[in-house]
Amino acid sequence: MSYLRGMTDKTLHIVGGGMAGSEAAWQASQMGVDVVLHEMRPQVETFAHQTGDFAEMVCSNSFRSDDDEQNAVGLLHWEMREAGGLIMQMADQNRLPAGGALAVDRDAFSAAVTEKLRARDNIRVEYGEIADLPTEGNWIFATGPLTSPALGEAIARETGAERLAFFDAIAPIVYAESINMDVAWAQSRYDKGETEEEQKAYLNCPMTKDQYEAFIDALLAADKTEFHEGETATYFDGCLPIEVMAERGRETLRFGPMKPVGLTNAHDPENKPYAVVQLRRDNALGTLFNIVGFQTKMKYGAQAEVFKTIPGLEDASFARLGGIHRNTFMNSPTLLDDQMRLKSRPNLRFAGQVTGVEGYVESAAMGLLAGRLAAAEILGLDLPTVPQDTAMGALIHHITGGAEAKTFQPMNVNFGLFQPVDGLKGGRRGRKDRYKAYTDRAKTEWSGWLANFT
C-alpha cells in the first residue's frame, strides 16, 4: 500500500473531505498535529457530488435550527463554535436568511472550507481512493454515507458484519426567476427571524383542498426509481421521500413539510391555505431555491410534471432535480469504543455519517471530536471522557454503546438522548424549562471539557 510509505507515528491521516473529515483535519491541525487529508474526488466521482471541494453539501443547504437554548441542533452549533469549529465558522460567514435556521450558500461555503484547509501549513491533501484499511499509523475514516464500494467491503471484512444501509433522497432546486410571485409569497413560518430579510426567507406556494388532493394523486401515480434486484434497505425517517410519506396516508404531507400553520397568504389573507409548499433560498444571489422537505425518488420526467402542478411553480425551471441514493453506515455500538476507535484495530477511528449519526451538523461534530481525540492521543495528552450531558457527549455515547445494536439506525441529535435533569417535570408543559436546563447544563459541561486543551 503506497500510501503507508514515509508515514510517521505522529502524522494523522484522515480519509474523506466531507463535513466530518474537514472538521477533523482542522481540529487536529489547530492542535499542532501534521495531517494528511485523503480525498478520492474528483479522481473518483460519486453520483451525488458535483465538485471536488471539501464539505460539499449534496442535499439541503440548511444546518437546521440555530436556537441554542431550546433546540438540540442549535446547542450542537454552540458547542462547535466554542471549540473553534471550521464548519460553523464558514457557515456563519456564508449565511443566508432562513428564519430561525442556519442556511448557507452551498458553493461559497464549501469553497471557503476548502480554502481554509489548503492554507494550513500542516495539512497536506492527497487525492485518490483509499480502498483498504491500513495496518499502521493513525487514521480517521470519515468517508460518509457514500463510502466507496471497495472500502466498504474492506470494512465489512474487518468487522465480520454486514454493512447496514438506508436510502437517502435529495430535494430539487428551482430557479427563482421561474417562480410565479403573483401566487407565491415570502414569509418564514411564524415570521421567525430578527430581520425582515429573515422573516421573509421562504417562498410559499398555497394549495386548496382540491389542489392538494390532485397533487397527492399525481404523486402516488408517478413513475418512481426502482431498486436493483437484491438491493434492500430502510429509509431514514428524517429524510423520507415525499411519495413514501404520501403512501403512509393522504394527510401525512399536510402535517409534515406541507403544513400550512404559521403562514398567512399575502395575496389572500382572509383564506387559510389547506397546504403550503415552502421553498428556501439556496444561494447568496437568491437565484436558486430548494423545495423544503421534497426529497423524492420519482423519475426525472415525472418530477417536472408533478411539481409543476404546485401553484406558483407552473413554469418552474429546475437547476437540479431530486434523486435517491444508498447510504452506508456501521453498526457502531458493536464496533467502536468510546473514542470512536475500531475495537479490532485501535489505530483506526471512524467519524461522521458512516458511524450512524445523521445530518451535516452531527457529522461535523463527530469529526470535531475524532480530530481532537486522535490529536490528543498522538500528543500524549490524557483527556477526560466527553461529558455525556453535552450534545457532543450525548451523540458519541449513543453511537458507541448507548443505542440498541440490534435496531441501530442513523440518528439526529435530539433531547431524547440527554439524561434527565433532576426535579424537572416531564411532558409537553414542562418542555421549555426542561430544554433550557439541558442547554444550560451542557454549556457548563462543554466549557469545562474544552478547558483541558488550554
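Residues numbered from 1 in each chain as written. Predicted model: local features only at pLDDT ≥ 70, side-chain atom pairs only at ≥ 80, totals over all residues. Heavy atoms only, no water.

## A look at the overall build of the chain
The number of helices and strands found in the chain is 13 helices and 18 strands. Here the chain has a C-alpha radius of gyration of 22 Å; the compact-globule value for 454 residues is 22 Å, and the two agree. Viewed in the frame of its principal axes, the chain has a C-alpha envelope of about 65 × 55 × 45 Å. Expressed as a percentage of its 454 residues, the buried residues of the chain come to 57%. Across the chain, the fraction of contacts at a sequence separation of at least 24, relative to all contacts at a separation of at least 6, is 71%. By element, 47% of the accessible surface of the chain is carried by carbon and sulfur atoms, the whole surface being about 19400 Å². Computing the positive centroid from 45 side-chain charges and the negative centroid from 62, the chain places the two 4 Å apart. (Helix = DSSP H or I, 4+ residues; strand = E, 2+ residues; numbered from the N terminus. Rg over C-alpha atoms; globule rule 2.2 N^0.38 Å. Buried < 20%, exposed > 50% of the residue type's maximum accessible area, 1.4 Å probe, protein only. Contact = heavy atoms within 4.5 Å. Areas by Shrake-Rupley, 256 points an atom, 1.4 Å probe, with all protein chains shown as cover. Lys, Arg positive; Asp, Glu negative; His and termini not counted. Charge placed at Lys NZ, Arg CZ, Asp CG, Glu CD.)

## A word on the packing of aromatic side chains
Per the stated rule, a full pass over the model turns up 16 aromatic pairs. Relative to F350, the ring of F141 has its centre 5.5 Å away and its plane inclined at 25°; by these criteria the two rings are stacked. One end of the pair, F141, is in strand β7 (residues 138–141); the other, F350, is in strand β18 (residues 345–350), with 209 residues separating them in the sequence. Here the aromatic residues F215, F294, F307 and F318 are joined through ring pairs into a cluster of three or more. (Phe/Tyr/Trp six-rings, centres within 6.5 Å; stacked < 30°, edge-to-face > 60°.)

## Concerning the environment of D382
One can find D382 in the loop between α11 (360–379) and α12 (391–402). Here D382 falls in the exposed class, since its relative accessible area comes to 77%. A C-alpha to C-alpha distance of 9.0 Å links D382 and N452, two positions 70 residues apart in sequence.

## Side note on the confidence of the model for the chain
Chain-level pLDDT for the chain is 89 on average; 90% of the residues reach the 70-or-more range. Across residues 1–8, confidence stays below pLDDT 50; counting only partners more than four residues off in sequence or on other chains, it has 19 contacts. Scored below 50 in pLDDT, residues 228–232 shows 4 contacts in the model against residues more than four places distant or in partner chains. (pLDDT = per-residue confidence, 0-100.)

## Considering the sheet that holds strand β9 (residues 173–175)
Overall, antiparallel pairing links the 6 strands, which are arranged β10-β11-β13-β14-β9-β15 in an open sheet. Of all strands in the sheet, those bounded by a partner on one side alone are β10 (185–186) and β15 (318–320). Where strand β13 (residues 275–281) meets strand β14 (residues 288–291), 3 bridges bridge the pair, whose relative direction is antiparallel. For L279, the partnering residue across the bridge sits in β14 and is I291. (Pairing = 2+ DSSP bridges.)

## Some words on helix α9 (residues 300–307)
Residues of α9 that are buried include every one of A302, Q303, V306 and F307, and no others. End-on, the buried residues of α9 take up no more than an arc of 115°, which puts them together on one face. For α9, the exposed residues set more than 90 degrees away from the buried face come down to Y300, G301 and E305. (Arc of directions from axis to C-beta.)

## Regarding the pairing of strand β2 (residues 34–39)
Along β2, 5 of the 6 residues are buried, which leaves the element largely enclosed by surrounding structure. Strand direction decides the pairing type here: strand β1 (residues 11–15) and β2, joined by 5 bridges, are parallel. Bridge assignment links T11 to a residue of β2, and that residue is D34. Once you follow β1 into helix α1 (residues 19–30) and on to β2, the crossover reads as right-handed. In terms of strand pairing, β2 meets strand β6 (residues 123–127) through 5 bridges, oriented parallel. For V35, the partnering residue across the bridge sits in β6 and is I123. (Right-handed = clockwise from strand over helix to strand, strands pointing away.)

## A closer look at the packing of helix α2 (residues 72–82) against α11
Their axes nearest at 10 Å, the elements α2 and α11 cross at an angle of 35°. Helix-helix and strand crossings are classified by hand; for α2 and α11 the assignment is left-handed. Of the residues in α11, those touching α2 at V73, L76, H77 and M80 are V361, E362, A364, A365 and L368. Here the residues of the contact of α2 with α11 are counted per class, giving 7 nonpolar, 1 polar and 1 charged. (Axes fitted to C-alpha atoms, helices over the stretch in contact; angles between N-to-C directions. Left-handed = near helix turned anticlockwise from the far one by under 90°. Nonpolar A, V, L, I, M, F, W, Y, C, P; charged D, E, K, R; others polar.)

## Quick look at the side chain of R106
Tracing the backbone shows R106 in helix α4 (residues 106–118). In this structure R106 touches M57, V58, C59, S60, N61, I173, D282, N290 and R320, once residues within four positions along its chain are discounted.

## A short note on the pattern of salt bridges
Scanning the entire structure with this criterion turns up 19 salt bridges. One network of salt bridges, in which partners are shared, links D66, R81, D92 and R95. (Salt bridge = Lys/Arg side-chain N within 4 Å of Asp/Glu carboxyl O.)

## Comments concerning the sheet that holds strand β4 (residues 95–96)
Overall, antiparallel pairing links the 3 strands, which are arranged β3-β5-β4 in an open sheet. The open sheet is flanked by β3 (62–65) and β4, the only strands paired with a single partner. Two strands pair when backbone bridges link them, and β3 and strand β5 (residues 101–104) are joined in this way by 2 bridges, in the antiparallel orientation. When the sheet's bridge partners are listed, S65 is paired in β5 with A101.

## Describing the nonpolar core
Core analysis: the largest hydrophobic core is formed by 77 residues, its most contacted members being F63, I87, F109, M366, M392 and W446. A per-element tally of this core places α11 first, with 13 residues. Non-local contacts of W446, meaning those with residues more than four positions away in its chain, are made with W78, E79, E82, A83, L368, L369, V386, T390 and M392. Ranked by size, the runner-up nonpolar core spans 33 residues in total, among them A184, L203, M258 and F307. (Core = buried A, V, L, I, M, F, W, Y, C linked by side-chain atoms within 4.5 Å.)

## Observations regarding unusual backbone geometry
Even without a glycine there, the phi angle at R64 is positive, about 70°. As for its placement among the helices and strands, R64 is situated in strand β3. One non-glycine residue, D191, adopts positive backbone phi at about 55°. In this fold, D191 is placed in the loop between β10 and α6 (196–199). On the basis of relative accessibility, which here comes to 41%, the residue D191 falls in the partly exposed class.

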